[in-house]
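Summary of structural features
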Amino acid sequence: MGDPRGIGPEITARALAEPLEAEITIIGAEDQIAAVPARHRVSVGAWGMGSGDDGDRKRVIRAGRIAGTAVEAAARLALSGDVDAIVTAPAHKHALHLAGFPYPGHTEWLAHLAGDVDVAMMLAAEPTPDDPKAPTLRVVLVTTHVPFRDVPALLTIERVVRTGRTVDQSLRTWWGIEHPRIAVCAVNPHAGESGLFGDEEARVLRPAAETLGAVGPLPADTVFVRAMRGEFDAVLAPYHDVGMTAIKVAAFGRAVNVTLGLPFPRTSPDHGTALDIAGIGKADPSSMRAAIELAVKLAVRR
């Protein structure tokens, strides 16, 4: 389930090369999913137009339509109970928008398909069979795909608390953590330095943390290190890049995007479509494999 011009089909096939303790259903363009190891296949049309992005508008729209239809088909299967979790391959947002799917990302889109439920976007890096001693880091974004200039207005006590409660519930039910330890990351340098560098910490983040029973707000330059050392089960990041930068520096290639709050687990790799290397065998399937493995674990725990 990815943009048929990108690396989605390629990394999915390679990620599934090793067997899993799961029954896999593949959804996508029939000419691309035929060779992917899976028990079941669901076709959403054929592609037949090669890899990469040549800028042709009709080609981009067709790619977006195939990818979007695949995502919605997967959501229907999950909501009906026919599958226990879904894993989405990278999809190009511009192509999806041109094809009539006007969502900023999969997170908001799947929330709508599930009945406009409260969701949160988590990036999780956990030990894997190949690296069982790797440190754990789970980062959850309070605001997602918005310009940084809009973050202060969006960063409200209610929003932070709502996100934190979704995280707390997911850590309990999907990860089996009886008493989740959550930290709140500051938005300003030095956590505002007692108001010298901003008041969001005192005005928004500290009251939200107290309501949640969380720790913080803690400075961004230390909170993620402390989480990787085992102090916290998850960190609430106030805006996209502070959270994404931390997780990708710490664990690029093994991090997994998890949508919390849905009635079913949804995961995806921590990278995009990589149209520039599509079809040439250079894509690294590590994150896709990690996403599939985590989806299986969450489905079993659920």
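Reading the values: rules and limits
Residues numbered from 1 in each chain as written. Predicted model: local features only at pLDDT ≥ 70, side-chain atom pairs only at ≥ 80, totals over all residues. Heavy atoms only, no water. Helix = DSSP H or I, 4+ residues; strand = E, 2+ residues; numbered from the N terminus. Buried < 20%, exposed > 50% of the residue type's maximum accessible area, 1.4 Å probe, protein only. Contact = heavy atoms within 4.5 Å. Areas by Shrake-Rupley, 256 points an atom, 1.4 Å probe, with all protein chains shown as cover. Lys, Arg positive; Asp, Glu negative; His and termini not counted. Charge placed at Lys NZ, Arg CZ, Asp CG, Glu CD. Axes fitted to C-alpha atoms, helices over the stretch in contact; angles between N-to-C directions. Left-handed = near helix turned anticlockwise from the far one by under 90°. Nonpolar A, V, L, I, M, F, W, Y, C, P; charged D, E, K, R; others polar. Parallel < 35°, antiparallel > 145°, perpendicular 65-115°, else oblique. Pairing = 2+ DSSP bridges. Core = buried A, V, L, I, M, F, W, Y, C linked by side-chain atoms within 4.5 Å. Phe/Tyr/Trp six-rings, centres within 6.5 Å; stacked < 30°, edge-to-face > 60°.

Re the overall build of the protein
Scanning the protein for helices and strands turns up 11 helices and 10 strands. Taking all 302 residues of the protein together, 51% fall into the buried category. In the protein, of all internal contacts separated by at least 6 residues, the share reaching a separation of at least 24 is 67%. Total accessible area on the protein is roughly 13600 Å²; 51% of this is exposed by carbon and sulfur atoms. Computing the positive centroid from 31 side-chain charges and the negative centroid from 36, the protein places the two 1 Å apart.

Looking at the packing of helix H7 (residues 157-173) against helix H8 (residues 200-212)
For the pair H7 and H8, the least separation of the axes is 8 Å and the interaxial angle reads 35°. The handedness of the crossing between H7 and H8 comes out as right-handed. Where H7 approaches H8, its residues Ile157, Val160, Val161, Gly164 and Arg165 are matched on the opposing element by Arg203, Val204, Leu205, Pro207, Ala208, Thr211 and Leu212. Class assignment for the residues of the contact of H7 with H8 results in 8 nonpolar, 2 polar and 2 charged.

Points about the packing of helix H9 (residues 220-228) against helix H10 (residues 240-251)
Angle between the axes and distance between the axes: these two values describe a pair of packed helices. Running from amino to carboxyl end, H9 crosses H10 at an angle of 45°, the nearest separation of the two axes being 11 Å. As summarised for this structure, H9 and H10 are arranged oblique, according to the angle between their axes. Here the hand of the crossing between H9 and H10 comes out right-handed. Of the residues in H10, those touching H9 at Ala220, Phe224 and Met228 are Val242, Gly243, Ala246 and Ala250.

Thoughts on the pairing of strand E8 (residues 234-237)
Every second residue of E8 is oriented toward a common face, with Ala234 and Leu236 on one face and Val235 and Ala237 on the other, all of them buried. Pairing of strand E5 (residues 137-141) with E8 involves 3 bridges; the strand directions are parallel. Bridge pairing links Val140 to Leu236 in E8. The pairing of strand E6 (residues 182-185) with E8 spans 3 bridges and is parallel. Bridge assignment links Ala183 to a residue of E8, and that residue is Val235.

Regarding the nonpolar core
Among soluble globular proteins, nonpolar side chains are generally buried collectively. Counting residues in hydrophobic clusters, the biggest one holds 64 residues, and the most contacted among them are Trp175, Phe224, Val258 and Leu260. Per-element accounting of this core gives the leading share, 7 residues, to helix H11 (residues 286-301). If you look at the next biggest cluster of nonpolar residues, it comprises 25 residues, including Ile61, Ala67, Ala78 and Leu262.

Some remarks on the packing of aromatic side chains
A complete count under the given rule lists 3 aromatic pairs for this structure. Ring plane angle 35° and centroid distance 5.2 Å describe the contact between Phe101 and Trp109, whose orientation is recorded as tilted. Both residues of the pair, Phe101 and Trp109, belong to the buried class. Here Phe148 and Tyr239 contribute two aromatic rings whose centre-to-centre distance is 5.0 Å and whose plane-to-plane angle is 70°, an arrangement assigned as edge-to-face. With Phe148 in the loop between E5 and helix H6 (151-154) and Tyr239 in the loop between E8 and H10, the pair connects residues that are 91 residues apart, well separated along the chain. Look at Phe148 and you get exposed, because its relative accessible area is 52%. A network of ring pairs unites the aromatic residues Phe101, Tyr103 and Trp109 as a single cluster.

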